[in-house]
Amino acid sequence: MPWCPPLNSHDETVKAPSQKRLVAPLLLLGVAATLTRFYRLGYQSFWFDEVFSLRVAEKPIGVLIAKALYDAVHPPSYYVLLHPLLKLSAAFPGISTECWARLPSAVFGVILVLLMFITADALLGRRAAWITAVITLLSPYQVFYSQETRMYAMLEVLTLLSTLLLHRAATTGKTTVWSGYVIATFLSLMTHYMALGLVAAHGVWALLECRQTPRTFGRWVLSQVGVLLLCLPWIIGMLMLGHHLGNRASGGSMMKAVNSVVAMFLDFNFGYFQGLFRENVGVLVMTVFVGSLIAMCFWWSGARSLAGRSVLGTKNGDRSMAGSLILLSFCGPAAFSFLAAILTEFHLSRYYAVSYPSAAMILAAGIDAAKQRRHPIAGVGGALLLAIWLLCLKNVYFNPVYAREDWRAVSRFFSEAKRPQDLLVFNASWEDQAFRHYYKQSFNRAGLPSSVGPKPEEVARDSERTVAGHGRVWLVLCYNYITDPRDYVRKWFDRNLQRLETHRFSQIEVLLYRNPHVDEPRH
């Protein structure tokens, strides 16, 4: 690449960052990160995954851990952290439950920006550290998960801390730092199983570094023995009580895995990209397309720059360790997540979150490389990416197209519009959990279709049986593209019932039908 920096242009990376030199940047970044992460923290309604977190975290600790074992979806660390906050929220009724429940993610989101600066400063130098921190600060992807009652912001902080401690442990050889690495790695694994990809990447890096520091791999192996001992009770519990463990090994495919990689790239660079395409604005989509090409150039340049300082390209120990560690910490988790998307149901871009910190550093290294060479793309491309980040960040805050499922508004609507005998049919049957969180009254409910990807005759039979005896039926559509991709339920309702009203909320559609075969009671 003509604008990759010379290898001797990063001599600053071999110097340990001064504590005093970090105070002012961290203070500035901390204020900015707090503003972006806490702004409108409780504005949006909980969506389904957040309500799932609440339902798990509100249980007693023993029951909470048992449920995490049984479902075999996520380890319990995040839920254990969330548990006391939900208890505390009852003592402060003036602060919304949404704010309390999202508080851990917002705090971890702030910590991530600061830790990204510290890590990039240690591995790449001060200029690249600023670029990395700004990328993370303005990333719509990071703001989104810093304002969600899920574990992804916590996961990124723990995995990044694990990587930073591994680098320092290998360079200093201190037992205390290796112990910190063991604890950070253990907590990462107890937050999300996708952290396994990073553990594997660290092992490959430690093995490669044996050429320069022979004891590194042996110490890493010893550290993993410590991690295994800490994880052993959970592993035994999973094997004994993880009844849904086998259910996760389905639903994946190569096509889904490829789509997940594309989604990861767009999300990492532009945030919640699906909203852009739902807006159907050609100019905006074209802007993102051009931005993607520029981002790819920066990623490629950054990867080449880091590879030049990897174990394969130079004998300078500190720079070698930095380059190879960043690249492997991206590739390892990404490869693991890709494999998971092929073999299991976990194929969404958020399952690549472990790779984000390294991805941001690779992108920053590419921008830094272009800037050092004074290549035109550094200014023009960087300005365009910055404009897209700000636009997407504005959309995350204000654009209803980007909003989460607004079950709070749906609840208010039904409080006024629903009659006692009405039937609510959820086209994704599990969504009544999110609805029930806000709607505390009793109601008649049903779920259609009875299976994912149903046949028309099954839908017709089940629908006819479901609506029998009900004069008014509400059809609630959310995630029906998963449960009923051919829209058989809605089509049957339109053919056999009389549609009276249509109401749209964020990512939710509510349709009212009258059953012509049933006489409505007079009011």
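1. Observations concerning the pairing of strand S1 (residues 423-426)
Side chains of S1 alternate between two faces, with Leu423 and Val425 and Leu424 and Phe426 buried alike. Taken together, the four bridges between S1 and strand S2 (residues 444-447) define a ladder with parallel strand orientation. Looking at the pairing, Leu423 lines up with Asn444 of S2. In this structure, S1 lies alongside strand S3 (residues 472-477), joined through four bridges in parallel fashion. Its bridge partner lying in S3, Leu423 is registered against Val473.

2. A short note on the sheet that holds strand S4 (residues 498-505)
Remark on secondary structure: sheet strands pair via backbone hydrogen bonds, oriented parallel or antiparallel. The sheet built from five strands is open, its strands ordered S2-S1-S3-S5-S4 with mixed pairing. Either end of the sheet is taken by a strand with one partner, and the two such strands are S2 and S4. Strand-to-strand twist of the sheet, defined as the mean angle between neighbouring strand axes without regard to direction, takes the value 20°. Helix-sheet contacts for helix H18 (residues 407-417) involve S1, S3, S4 and strand S5 (508-514), and the interaxial angle to S3 is about 175°.

3. Focus: the nonpolar core
Residues Ile135, Phe268, Trp407, Phe414 and Phe435 are the most contacted members of the largest nonpolar core, which totals 140 residues. Here this core gets twelve residues from one element, more than from any other, and that element is helix H8 (residues 152-172). One finds Leu448, Val459, Val467 and Leu475 within the second-largest nonpolar core, a separate group that totals 15 residues.

4. What about the environment of Asn427?
Tracing the chain through its elements places Asn427 in the loop between S1 and helix H19 (432-438). Not counting chain neighbours up to four residues away, the residues in contact with Asn427 comprise Leu448, Pro449, Leu475, Val476, Leu477, Asn480, Thr483, Asp484 and Val489.

5. Comments concerning the environment of Ala90
Tracing the backbone shows Ala90 in the loop between helix H4 (77-89) and helix H5 (97-123). C-alpha separation for the pair Ala90 and Trp100, spaced ten residues apart in sequence, amounts to 9.7 Å.

6. What about the packing of aromatic side chains?
According to the stated counting rule, one finds 36 aromatic pairs in the structure shown. Their ring planes at 75° and their centres at 5.6 Å tell us that Phe414 and Phe435 sit as a pair that is edge-to-face. Of this pair, Phe414 sits in helix H18 while Phe435 sits in helix H19, and the two are 21 residues apart along the sequence. Neither residue differs from the other here; Phe414 and Phe435 are each classed as buried. Put simply, the rings of Trp407, Phe413, Phe414, Phe426, Phe435, Tyr439, Phe443, Trp474 and Phe505 pair up and form one aromatic cluster. In this arrangement the basic side chain of Arg40 is found over the ring face of Tyr43, its NZ or CZ atom lying 3.9 Å from the centre. For the cation-ring pair, Arg404 lies above Phe144, with the distance from its terminal atom to the ring centre recorded as 4.5 Å.

7. Some words on the side chain of Thr163
Mapping Thr163 onto the fold places it in helix H8. Looking at Thr163, its side chain comes within polar contact range of the side chain of His202, at 3.1 Å. Discounting chain neighbours no more than four positions away, the residues touching Thr163 are Leu198, His202, Leu325 and Ser329.

8. Side note on a nonpolar patch on the surface
A surface patch of nonpolar side chains, about 1000 Å² in accessible area, is lined by Val221, Leu222, Val225, Leu228, Leu229, Leu232, Ile235, Ile236, Leu239, Met240 and Leu241. Relative to the assigned elements, Met240 resides in helix H11 (residues 215-241).

About the cut-offs
Residues numbered from 1 in each chain as written. Predicted model: local features only at pLDDT ≥ 70, side-chain atom pairs only at ≥ 80, totals over all residues. Heavy atoms only, no water. Buried < 20%, exposed > 50% of the residue type's maximum accessible area, 1.4 Å probe, protein only. Helix = DSSP H or I, 4+ residues; strand = E, 2+ residues; numbered from the N terminus. Pairing = 2+ DSSP bridges. Axes fitted to C-alpha atoms, helices over the stretch in contact; angles between N-to-C directions. Contact = heavy atoms within 4.5 Å. Core = buried A, V, L, I, M, F, W, Y, C linked by side-chain atoms within 4.5 Å. Phe/Tyr/Trp six-rings, centres within 6.5 Å; stacked < 30°, edge-to-face > 60°. Lys NZ or Arg CZ within 6 Å of the ring centre and 35° of its normal. Polar contact = N/O pair within 3.5 Å; in protein donor to acceptor, adjacent residues only side chain to side chain. Patch = residues over 30% accessible without salt bridge, like charges linked within 9 Å, V, L, I, M, F, W, Y side chains within 5 Å. Areas by Shrake-Rupley, 256 points an atom, 1.4 Å probe, with all protein chains shown as cover. Salt bridge = Lys/Arg side-chain N within 4 Å of Asp/Glu carboxyl O.

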